[in-house]
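Below are the chains, spelled out letter by letter.
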Amino acid sequence: MLACITRKAAGVVAIALAACDPCAPDEYEPNEAEGEAAVVGDITTDLSEIDVNFSTQEDVDCFAYALPEPILEQIPILYIEMKGANREDFSGSLTFACDAGEPAFFSCNNEDLTDTTCTVSGVEPRFRVSYDCDPDTDAIGAASLVVCLERPTPNKLCVDYSVRAYFN
Ligand SMILES: [Ca+2]
Ligand SMILES: [Ca+2]
């Protein structure tokens, strides 16, 4: 079987063979930076799943989610899971903001953080987030977040992946 020779691997030009053709950009492009993140809707207790791809080796995909006030009696836990990408590593960053004011606390992947950004890397990583934007009542307040994903060491020209987001 012929191997793909890619720009990063060869350092010169891309030689795309049949199995290694670039794929068409996903429907959320362009979304290369936090400021141009694609708006992908709300995170609720219903699973939100989007099917996307890294259409080039350099592709960066940023997605913006709204977090409406959850109707729960305790602090919820929010998951954002990256699946697929043919087992290639992801590199991801998450930036969180309360709609009003600063969070009373923000925790990501079991670390309490004073700033509201968090990073992950690895094969099929996930963010596990909890927060409280409304410390004075039982409510937790509305918020939003942006996730940016890329491949630090891409092997293939393009790969499909999905992003799943939900409150548990
Ligand atoms: Ca993409
Ligand atoms: Ca992109």
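The structure under discussion appears in the preceding block.
Residues numbered from 1 in each chain as written. Chains lettered and ligands numbered in written order. Predicted model: local features only at pLDDT ≥ 70, side-chain atom pairs only at ≥ 80, totals over all residues.

A short note on the overall build of the chain
Condition: For helices the rule is a DSSP run of H or I covering at least 4 residues; for strands it is a run of E covering at least 2, with both sets numbered from the N terminus onward. Residues are treated as contacting if the C-beta atoms built from their backbones sit within 7 Å of each other.
Summing up its helical and strand segments, the chain has 1 helix and 11 strands in all. Across the chain, contacts joining residues at least 24 apart in sequence account for 80% of those joining residues at least 6 apart.

Looking at the sheet that holds strand β6 (residues 105–108)
Worth spelling out the cut-off: A pair of strands is treated as paired once DSSP finds two or more bridges between them.
Spatial strand order, β2-β11-β4-β9-β6-β7: 6 strands in an open sheet with antiparallel pairing. Pairing within the sheet leaves two strands with one partner each, and these edge strands are β2 (48–54) and β7 (111–112). In the sheet, strand β4 (residues 78–84) pairs with strand β9 (residues 126–132) via 4 bridges, with the strands oriented antiparallel. Its bridge partner lying in β9, Y79 is registered against R128.

Here we look at the environment of P152
Threshold: Burial in this document is a count-based property: other C-beta atoms within 10 Å of a residue's C-beta are tallied, and the residue is buried at 20 or more, exposed at 12 or fewer, or partly exposed in between, with C-beta positions derived from the backbone.
Within the secondary structure, P152 sits in the loop between β10 (143–150) and β11 (159–167). Look at P152 and you get exposed, because 10 C-beta atoms sit within 10 Å. Each C-alpha atom of the pair P152 and S91 lies 6.1 Å from the other, and the pair is 61 residues apart in sequence. Apart from the residues within four sequence positions on either side, P152 is in contact with D89, S91 and S121.

What to know about the sheet that holds strand β1 (residues 38–42)
Convention followed: Throughout, an axis means a line fitted to C-alpha atoms (over the contacting stretch in the case of helices), and angles, computed between N-to-C directions, take values from 0 to 180 degrees.
Taken together, the 5 strands give an open sheet; going across it, the order is β1-β3-β10-β5-β8, and neighbouring strands pair in mixed fashion. Only two strands of the sheet have a single neighbouring strand rather than two, namely β1 and β8 (117–123). Across the sheet, the mean angle from the axis of one strand to that of its neighbour is 20°, orientation sign disregarded. The pairing of β1 with strand β3 (residues 61–67) spans 3 bridges and is parallel.

Looking at the pairing of β11
Alignment of β2 against β11, held across 7 bridges, turns out to be antiparallel. Within the sheet, the bridge partner assigned to V52 lies in β11 and is Y161. Pairing analysis gives 7 bridges linking β4 to β11, with the strands arranged antiparallel. Paired with K83 across the bridge in β11 is S162.

Remarks on the pairing of β10
For a regular strand, the rule is simple: side chains alternate between the two faces of the sheet. In this structure, β3 lies alongside β10, joined through 7 bridges in antiparallel fashion. From the neighbouring strand, D61 faces β10, where its bridge partner is L149. The pairing of strand β5 (residues 89–98) with β10 spans 8 bridges and is antiparallel. Note that in β10 the partner of T95 across the bridge is V146.

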